[in-house]
Amino acid sequence: MLAAAVVAVMQIATACEAETIRIASQKTGTLAWELAVIRAHGLDKKANLSIDVVELASPEAGKIALRAGNADVMVSDWPWVSRERSLGAKLQFYPYSSALGAVMVPASSPIKSLADLKGRKLAVAGGAIDKSWLLLQAALKQDGIDLKSQSTIVYGAPPLLAAKTQGGEMDANLNYWNFCAALEAKGFRRLAGMEDVLAKLGSKGRIAMIGYVFDEAWADANKDAVARFIAMTREAKQILATSDAEWEAIAQLTGAPDAATLRAYRDRYREGIPRRPIADEEADARVLYRVLAQVGGRELVGSASELDPGTFYQAIPGD
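Residues numbered from 1 in each chain as written. Predicted model: local features only at pLDDT ≥ 70, side-chain atom pairs only at ≥ 80, totals over all residues. Heavy atoms only, no water.

## Looking at the overall build of the chain
Move 1: What the chain contains, in helices and strands, is 17 helices and 10 strands.
Move 2: Radius of gyration (C-alpha) of the chain: 21 Å, near the 20 Å computed for a compact globule of 319 residues.
Move 3: The principal-axis extent of the C-alpha atoms belonging to the chain is close to 85 × 45 × 30 Å.
Move 4: Each of the 319 residues in the chain was classed as buried or not, and the buried ones make up 49%.
Move 5: In the chain, the proportion of contacts linking residues at least 24 apart, taken out of those at least 6 apart, comes to 78%. (Helix = DSSP H or I, 4+ residues; strand = E, 2+ residues; numbered from the N terminus. Rg over C-alpha atoms; globule rule 2.2 N^0.38 Å. Buried < 20%, exposed > 50% of the residue type's maximum accessible area, 1.4 Å probe, protein only. Contact = heavy atoms within 4.5 Å.)

## Overview of the packing of aromatic side chains
Move 1: Evaluation of the coordinates by the stated rule reveals 12 aromatic pairs.
Move 2: Note on Trp 33 and Trp 177: the rings are 6.2 Å apart at their centroids and 80 degrees apart in plane angle, and the pair reads as edge-to-face. Taken together, the residues Trp 33 in helix H2 (residues 30–40) and Trp 177 in helix H9 (residues 177–185) connect sequence positions 144 residues apart. Across this residue pair, the class does not change: Trp 33 and Trp 177 are buried.
Move 3: Measuring from ring centre to ring centre gives 5.4 Å for Trp 247 and Tyr 269, while their planes differ by 70 degrees; the resulting arrangement is edge-to-face. Linking Trp 247 in helix H13 (residues 244–249) with Tyr 269 in helix H15 (residues 259–271), this pair joins segments that are 22 residues apart in sequence. Each member of the pair Trp 247 and Tyr 269 is classed as buried.
Move 4: Chaining the aromatic ring pairs together yields one cluster made of Trp 33, Trp 177, Trp 247, Tyr 265 and Tyr 269. (Phe/Tyr/Trp six-rings, centres within 6.5 Å; stacked < 30°, edge-to-face > 60°.)

## Describing the confidence of the model for the chain
Move 1: Of the residues in the chain, 94% reach a pLDDT of 70 or more, and the chain-wide mean stands at 91.
Move 2: In this model residues 1–15 is a low-confidence stretch, pLDDT under 50, and it forms zero contacts with partners more than four residues away in sequence or in other chains. (pLDDT = per-residue confidence, 0-100.)

## Comments concerning the environment of Asp 52
Move 1: Residue position: Asp 52 is located in strand S2 (residues 49–56).
Move 2: Assessed through its relative accessible area of 36%, Asp 52 is described here as partly exposed.
Move 3: For the pair Asp 52 and Gly 127, spaced 75 residues apart in sequence, the C-alpha to C-alpha distance is 32 Å.
Move 4: Sequence-distant contacts of Asp 52, defined by excluding residues within four places in its chain, comprise Thr 20, Ile 21, Arg 22 and Ile 23.

## Focus: the nonpolar core
Move 1: The biggest cluster of nonpolar side chains holds 91 residues, and the ones touching the most others in it are Trp 78, Leu 114, Leu 136, Phe 214 and Phe 229.
Move 2: Among the elements that line this core, the one with the most residues is helix H12 (residues 223–242), at eight residues.
Move 3: If we skip the residues at most four places from it in the chain, Leu 114 touches Val 103, Leu 136, Leu 140, Leu 191, Ala 192 and Val 197.
Move 4: By size, the runner-up hydrophobic cluster in this structure holds five residues, among which are Ala 102, Met 104, Leu 183 and Phe 188. (Core = buried A, V, L, I, M, F, W, Y, C linked by side-chain atoms within 4.5 Å.)

## Observations regarding the sheet that holds strand S8 (residues 172–175)
Move 1: The five strands lie next to each other as S7-S6-S8-S5-S9, forming an open sheet whose pairing is mixed. Only two strands of the sheet have a single neighbouring strand rather than two, namely strand S7 (152–156) and strand S9 (189–193). Across this sheet, the average inter-strand angle for adjacent strands is 25 degrees, counted without regard to direction.
Move 2: Taken strand by strand, helix H8 (residues 158–166) contacts strand S6 (121–125), S7 and S8, and its axis lies near 160 degrees from that of S8. (Pairing = 2+ DSSP bridges. Axes fitted to C-alpha atoms, helices over the stretch in contact; angles between N-to-C directions.)

## Observations regarding the side chain of Glu 84
Move 1: Note on placement: Glu 84 falls in helix H5 (residues 78–86).
Move 2: Residues within four places of Glu 84 in sequence aside, it is in contact with Arg 67, Ala 89 and Leu 91.

## Observations concerning helix H4 (residues 59–67)
Move 1: For H4, the full list of buried residues reads Gly 62, Lys 63, Ala 65 and Leu 66. All buried residues of H4 lie within an arc of 165 degrees about the axis, which places them on one face of the element.
Move 2: One or two steps after H4, the chain reaches Gly 69, where phi turns positive at roughly 85 degrees. (Arc of directions from axis to C-beta.)

## Description of the pattern of salt bridges
Move 1: Inspection of every chain in the model, using the stated rule, returns 25 salt bridges.
Move 2: The salt bridge involving Arg 228 is made with Glu 19; its shortest N-O contact spans 2.1 Å. Placement of Arg 228 in helix H12 and of Glu 19 in strand S1 (residues 19–26) is noted, with a sequence separation of 209 residues between them.
Move 3: With a relative accessible area of 32%, Glu 19 lands in the partly exposed category.
Move 4: The network of salt bridges with common partners includes Glu 184, Arg 190, Glu 195, Arg 206, Arg 268 and Glu 271. (Salt bridge = Lys/Arg side-chain N within 4 Å of Asp/Glu carboxyl O.)

## A closer look at the pairing of strand S10 (residues 210–215)
In the case of a regular strand, side chains alternate between the two sheet surfaces.
Move 1: Two elements, strand S3 (residues 74–77) and S10, share four bridges in a ladder whose sense is antiparallel. Across the sheet, Ser 76 pairs through a bridge with Gly 211, a residue of S10.
Move 2: Bridge count for strand S4 (residues 91–97) against S10 is six bridges, and the pairing is antiparallel. When the bridges of S10 are listed, Ser 97 appears paired with Ile 210.

Right under this line is the structure:
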């Protein structure tokens, strides 16, 4: 009887033990903000999860960690997930943020529309096959404008180009959302947000370009844990969406140098919280993937000209 009682207690303890999810995260990335809120409010304990953060230096390091089995979850974009699936790596994507970049210009700039970028010096963060850059080119080609050949394009790292734009070396800057928010706080003007560009290309709503990425087999084997993980992250986002005090608490983590920049981060982050059904996200992704395949070619999407049908993960029916 004693032995049976010990076994029963051990079984109960095992059943209640928090499941571990290893998350690859950049120390200075926006995912770190969400993880800080999760820890501060005990949302991981509430979800009966143990979050093991694997800090990495770059998104590429995260991809390597995920593929090597050293992390369970990372943040990346659905074009990469679809490409990996076409190459045999069955990854899946769940929306994390629809915060998108923008084309930024000085407040006093004579540039009033995207068409005015013709003949100007445009800084592009992320390189020649950056998704936002390719989509911007595709949208303007509809109006007969070939930015790549009709403007001076300067590629570089996001912070470097933001600094050069602020210093007056560039006429305009296409950059990631957080760098755009920082420029906005310095008085720069959003010439056009990428959400406007994507609408021109057929997107029906504000699409989440980046999301949580994980292995399909791992997700299938841990469906309940994945559902609790997603519910936990939604709760963290809701806190960030409604509490200004929470932004003060994570201010140091964001790296915002002043209150204006922190407010800009807060407002743009809140705009980017995904609120659409997965089916709508996937439908827009299919439309935009075809555009990316056309303008980016095999270097970007590999041999697949269509979004892989298993790219998007559905946490719960009707999600």
